[in-house]
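Structural characterization, general
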Amino acid sequence: MGDGERKMSELRRRAAGGLGPGAAASSSAARDGGGAGGDHEAESTSDKETDIDDKYGDLDSRADSDIPEVPLSSDRTPEVLKKALSGLSARWKNWWIRGILTLTMISLFFLIIYMGSFMLMLLVLGIQVKCFHEIITIGYRVYRSYELPWFRTLSWYFLLCVNYFFYGETVADYFATFVQREEQLQFLIRYHRFISFALYLAGFCMFVLSLVKKHYRLQFYMFAWTHVTLLITVTQSHLVIQNLFEGMIWFLVPISSVICNDITAYLFGFFFGRTPLIKLSPKKTWEGFIGGFFSTVIFGFIAAYFLSKYQYFVCPIEYRSEVNSFVTECEPSELFQLQTYSLPPFLKGVLRWDTVSLYPFQIHSIALSTFASLIGPFGGFFASGFKRAFKIKDFANTIPGHGGIMDRFDCQYLMATFVHVYITSFIRGPNPSRVLQQLLVLQPEQQLNIYKTLKSHLIEKGLLQPSLKL
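Everything in this summary refers to the structure shown in the same document. (Residues numbered from 1 in each chain as written. Predicted model: local features only at pLDDT ≥ 70, side-chain atom pairs only at ≥ 80, totals over all residues. Heavy atoms only, no water.)

What follows covers the nonpolar core. Leu120, Ile249, Trp250, Phe251, Leu252, Phe361 and Leu368 are the most contacted members of the largest nonpolar core, which totals 40 residues. Of the residues forming this core, the biggest block, 8 residues, is contributed by helix α12 (residues 248-272). Once residues lying within four places of it in the same chain are set aside, the contact partners of Phe251 are Phe109, Leu120, Val124, Val240 and Leu244. Phe166, Phe207, Met222 and Ile392 belong to the second-largest nonpolar core, a separate cluster that totals 32 residues. (Core = buried A, V, L, I, M, F, W, Y, C linked by side-chain atoms within 4.5 Å. Buried < 20%, exposed > 50% of the residue type's maximum accessible area, 1.4 Å probe, protein only. Helix = DSSP H or I, 4+ residues; strand = E, 2+ residues; numbered from the N terminus. Contact = heavy atoms within 4.5 Å.)

This is the structure in structure tokens:
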């Protein structure tokens, strides 16, 4: 065989290798002549469908292979635990590590609750920053070979800008009386949104100036990555703090319900799990999902009963400038006062009770815990899909046996949004204390006009007697 023939043969071999299995089968059928009539058309249609599936399957596999694997994080389990559990199997060793660290985290959480609402706000802010760091670090490691300029710096800058905007809004809403006494703060609050926009605009311009030829598409990927991460972490943590201001119970019951569901679903799945639930999380089972649901609803109902007894948990959190601290003192609303309810006929025969005394919030807790156990896990499934897309087991190795902070709070952010929507839709009415704080910021002339308008309105309603003119 001559050189020309060898080259032609090599080209034919490469061309045949580049074709998908469906295409190769079609070309083979064409060479062999195939059958005739309807059978031939059916086979041709089937081959085309197979060719399309293989084509897009190849594209998906190529896209996955283009993503470099993130380096596996090192094991940060304390040496004391490793030695104590060295004789156990890997399954039971992980069970004990998760259990011990879970109890430790719950104990610390109780301590922070005891320290007050301000410490809880700092905890939420710290978790937000850590979750942002874990997600951004994954993006940096996946695309590390490109050495994109300013990516990490701009990511943290945008985090600062968005936090400045959201927490500035919170200060304006809840700390109006404190702001009124400080001239510098008055300026910042008055022009808060303009300053926030100017800061973001500066970051936007820096991003445009950092664009590098041949890496445009990747840099816009990272720009979108940063903003989606901000949407997931900062906005959701802001809603958590908004819920906290409504009363600590709106913070504790949803969060503890998600924690309870996570623990009980794991226990039911560990001991009784047999039926896989979803491919994204192979270890999740229907037994764990169902057991977690019933356990969470019962837990939420009981927790709501005990927390509803104390002003510390049910009163909205307010900042008192005269004492320079947060206070939780109020006359509990009807939501947190015992009410008597008549039982349905079928329950009367079973329980032999005609009525039952409940806090109305306990009924709302059923809705919260149901969401935490049925819809909340989808936040975890979403996170599992994200991790599979980038071939990582956990977001980080911050907590031995649990992974990163984001691995533990992937469901909490979804829960925070639901609670905020639930409060604004079914619970919250006008807040007199917030209205009063906003009035106190106004100029004296504006306050006087509002006073006259309100007085006239109350006289028309018959709630005030008109003053006598001499």
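What follows is about helix α17 (residues 377-389). If you check α17, its first and last C-alpha atoms are 18 Å apart, about what 13 residues at 1.5 Å a residue would give, namely 18 Å. Residues of α17 that are buried include every one of Pro377, Gly379, Gly380, Phe381, Ala383, Ser384 and Lys387, and no others. Buried residues belonging to α17 abut α12, β1 (276-278), β2 (281-285), α13 (286-307), α16 (360-374) and α18 (405-427). Positive phi shows up at Lys391, right after α17, with a value of about 55°. (Expected span 1.5 Å × (residues − 1).)

Moving on, we come to the packing of helix α5 (residues 90-115) against helix α6 (residues 117-142). At a closest axis distance of 5 Å, the pairing of α5 and α6 adopts a crossing angle of 130°. Comparing the axis directions of α5 and α6 gives the class oblique. Listed contacts from α6 to Phe109, Ile112, Ile113 and Met115 of α5 are Met119, Leu120 and Leu123. Residues that form the contact of α5 with α6 fall into these classes: 7 nonpolar, no polar and no charged. (Axes fitted to C-alpha atoms, helices over the stretch in contact; angles between N-to-C directions. Parallel < 35°, antiparallel > 145°, perpendicular 65-115°, else oblique. Nonpolar A, V, L, I, M, F, W, Y, C, P; charged D, E, K, R; others polar.)

For the coordinates displayed, the defined rule picks out 1 disulfide. The partner cysteine of Cys315 in its disulfide is Cys330, sulfur to sulfur 2.0 Å. One disulfide, between Cys315 and Cys330, carries an S-S torsion of -90° and so falls in the left-handed class. Pair noted here: Cys315 is in the loop between α14 (311-314) and β3 (318-320) and Cys330 is in the loop between β4 (325-327) and β5 (339-342), with a separation of 15 residues, a long-range link. Residue Cys315 is classed as buried on the basis of its relative accessible area, which comes to 0%. You can call Cys330 partly exposed: its relative accessible area is 27%. (Disulfide = S-S within 2.5 Å.)

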